[in-house]
Every structure is written in C-alpha cells, then in structure tokens.
Amino acid sequence: MLKTILIPLTLLLAAVGVQASEAGYPLDHMEPDVHDQPSLQRGMQTYMNYCMGCHSLQYQRYKRTGDDLGIPDALMLEHLVFDPETKVGDLITNNMSTENAKKWFGAAPPDLTLHNNLKGGPDWIYTYLRTFYADSKRPLGVNNLVFENVGMPHALLDLQGTQNFVCKQVPRLAANGGDMRDSLTNEYITEELCGNELVERGYSPLELIEGSGSLNVAEYDQVVYDLANFLYYMAEPARLERTRVGWYVLLFLAFFYVFAWLLGREYHKAFHK
Ligand code: HEC
C-alpha cells in the first residue's frame, strides 16, 4: 500500500525538482507568428548557415518547408542546401555521426524538428541563444544561463559577440520597494550584486563586450527571434493549416446544428404525442 503511494510521489517530486533547476533563470518571452513568412525565411537561412552542420531536421522535407515558407524549389537548392547531391524532396538530414559528436562535445546534438514542442517552447530557445557567456572553466570556453554546463559551442558568437558573467552596481532597494536615492544629490545609492541576486532583482548577470559582435543588440535579438519562430513552425508545420481548417469545422458544426435540432424536434413530437 505504502509503495503504491510512495513511487508516484517520488516520481512527481523528481519531475518538479528537474523543472525548478532548469527554470532557474526566468525565460524571456517571444510571441511566435507562423504567418510572418519573411521572418520564417530569415530563420531558415540562419538555421542552414549556423545550426544545420550539427542539428538535423530529419522529420521534415525541403519541399514541404519551401512550399510553406514561400521559397521556390530552385532558390532553396541554390541558396539553402549546401550538398549538391541533395534533392528537394529529401528529408533535412546532415552527416554528423552520433559517435563523433559525443567524442567532440560530450553529447550528441539532438535533432531539432520537434524541439519547440518540448522544453519550454519558443521562449526557451529564444532565451538560450541569447544567454551564452564566456566561462574559461568549460571545455569550449562558454556556458549558458538556461542550460548549465552546455556541450554546445556558441554558434552565433560572431553575430552576438562575447558576454561576460559579471557583478553589477545596482540601485539599493528602499523600504517602499522603489530605488533608493540620495536626498541631497538625487543620485542613486547603489550596491554591488552578483549572480542570482541580480536575477532576482530583474537584472541580467551578463554584460556584452561592446563591438565584439557584428550585430547590435536589437539586430541580434531579431535574428534569434526569426530562428525561434522558424523552429516553432518546424515543430508543427500543420499549425498553418490547422487554424484554417478549424474555421471550416466550426462553420460546418454551426450549419449541422440547425438540422440536428430540427430532427430532434421531430423525434420529440413522435414520442410525446
Ligand atoms: C558545433 C555543433 C553545434 C552547432 C553548430 C549548433 N549546436 Fe546546438 N547543440 C550541440 C550539442 C553538442 C548540443 C547538446 C549539448 C548538451 O547536451 O550538453 C546542442 C544542444 C542544443 C539545444 C538544446 C537541446 C536540448 O537538449 O534540449 C538546442 C535548442 C540547440 N542546440 C540549438 C541550436 C541552434 C538553434 C543552433 C544554430 C544557431 C545550434 N544549436 C548550433 C551542437 C551544436
């Protein structure tokens, strides 16, 4: 009897525990828009250039993706597919062997076709790709705020630049919850906070080395938004169609309701004469 209660309870606690440690850093929100074709096209371009070498999208074909995103077959093959042997009807696979990958990175890069339906959705990827920071203790020299001790290099480093994990001077909190100021000079009274203390107060513990990347912060955020949007589409390409078909179904039900009601009325009459 005790066992039947304890086992599910332990599993539940384990699941909660994993979530808590993973969600240690609050995720930044992004609102996906699968009807924004230019965004999805840019996202695919970034994906093919920076991610495809390691992560396949093996449950999806080039053709279907091109059709959904409004990319003609010829353009797709010319600009987004690097292997001349690949045909437009092929699945989006790569040649990275799991064994080698494990040797190189300590973990194999997972296929990302369905990733956006798992692990926190688009917010997770959006935050993940913006929170890599330099960490000399890690084999690849980087770490990540939402994926501790990650085995992946910062693939978009050239674009974003280097971020350091730092302590910052921030305004001290007054008793009323506002930022504390000096009553004479009206300047903020600051204190130094580090790591989690910064996060709890709503500040990022990361600081970008200015000019170390080729894009500014807004441009980089846009690139990552488009990429997360593309992976959101990828996780369920039928999303585009599903919402459209949904309207027809509702229309049909509304129409059908009238006849079902009329029929019901006839039956009712027959039974309650
Ligand atoms: C050099 C190879 C390499 C490149 C390039 C690369 N990744 Fe990764 N990625 C990995 C490895 C290895 C892991 C597994 C890390 C681990 O488990 O510690 C990973 C993990 C991930 C994960 C987390 C998967 C999970 O466990 O939930 C995501 C999401 C991801 N990569 C997205 C991307 C995106 C998007 C790009 C392109 C901007 C990219 N990666 C480029 C190697 C790579």
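Here the structure is shown first, and the text comes after it.
Residues numbered from 1 in each chain as written. Predicted model: local features only at pLDDT ≥ 70, side-chain atom pairs only at ≥ 80, totals over all residues. Heavy atoms only, no water.

1. Comments concerning the packing of helix α6 (residues 121-128) against helix α9 (residues 217-235)
- Relative orientation of the contacting elements α6 and α9 amounts to 145 degrees, with a least axis distance of 9 Å. You can see that α6 and α9 cross each other, and the crossing is right-handed. Note on element contacts: α9 touches α6 through D221, V224, Y225, A228, L231 and Y232, opposite P122, I125 and Y126.
- Across the contact of α6 with α9, the residue classes break down as eight nonpolar, no polar and one charged. (Axes fitted to C-alpha atoms, helices over the stretch in contact; angles between N-to-C directions. Helix = DSSP H or I, 4+ residues; strand = E, 2+ residues; numbered from the N terminus. Left-handed = near helix turned anticlockwise from the far one by under 90°. Contact = heavy atoms within 4.5 Å. Nonpolar A, V, L, I, M, F, W, Y, C, P; charged D, E, K, R; others polar.)

2. Side note on the pattern of salt bridges
- Counted according to the given criterion, the structure contains ten salt bridges.
- The residue D68 makes a salt bridge to R64 at a minimum N-O spacing of 2.9 Å. One end of the pair, D68, and the other, R64, are both in helix α3 (residues 62-69), four residues apart, so they sit about a helical turn from each other.
- Of the residues examined, D68 reaches a relative accessible area of 19% and is grouped as buried.
- Overall, R64 belongs to the partly exposed group, its relative accessible area being 33%. (Salt bridge = Lys/Arg side-chain N within 4 Å of Asp/Glu carboxyl O. Buried < 20%, exposed > 50% of the residue type's maximum accessible area, 1.4 Å probe, protein only.)

3. What to know about the site of the ligand
- Taken together, 23 residues are adjacent to the ligand, and C51, C54, H55, H115 and M152 come closest.
- A distance of 2.8 Å separates an oxygen atom of the ligand from a polar atom in the backbone of G151.
- Considering each element in turn, the shell around the ligand owes the most residues, three residues, to α6.
- Here the residues of the shell around the ligand are counted per class, giving 19 nonpolar, three polar and one charged. (Near = heavy atom within 4 Å. Polar contact = N/O pair within 3.5 Å; in protein donor to acceptor, adjacent residues only side chain to side chain.)

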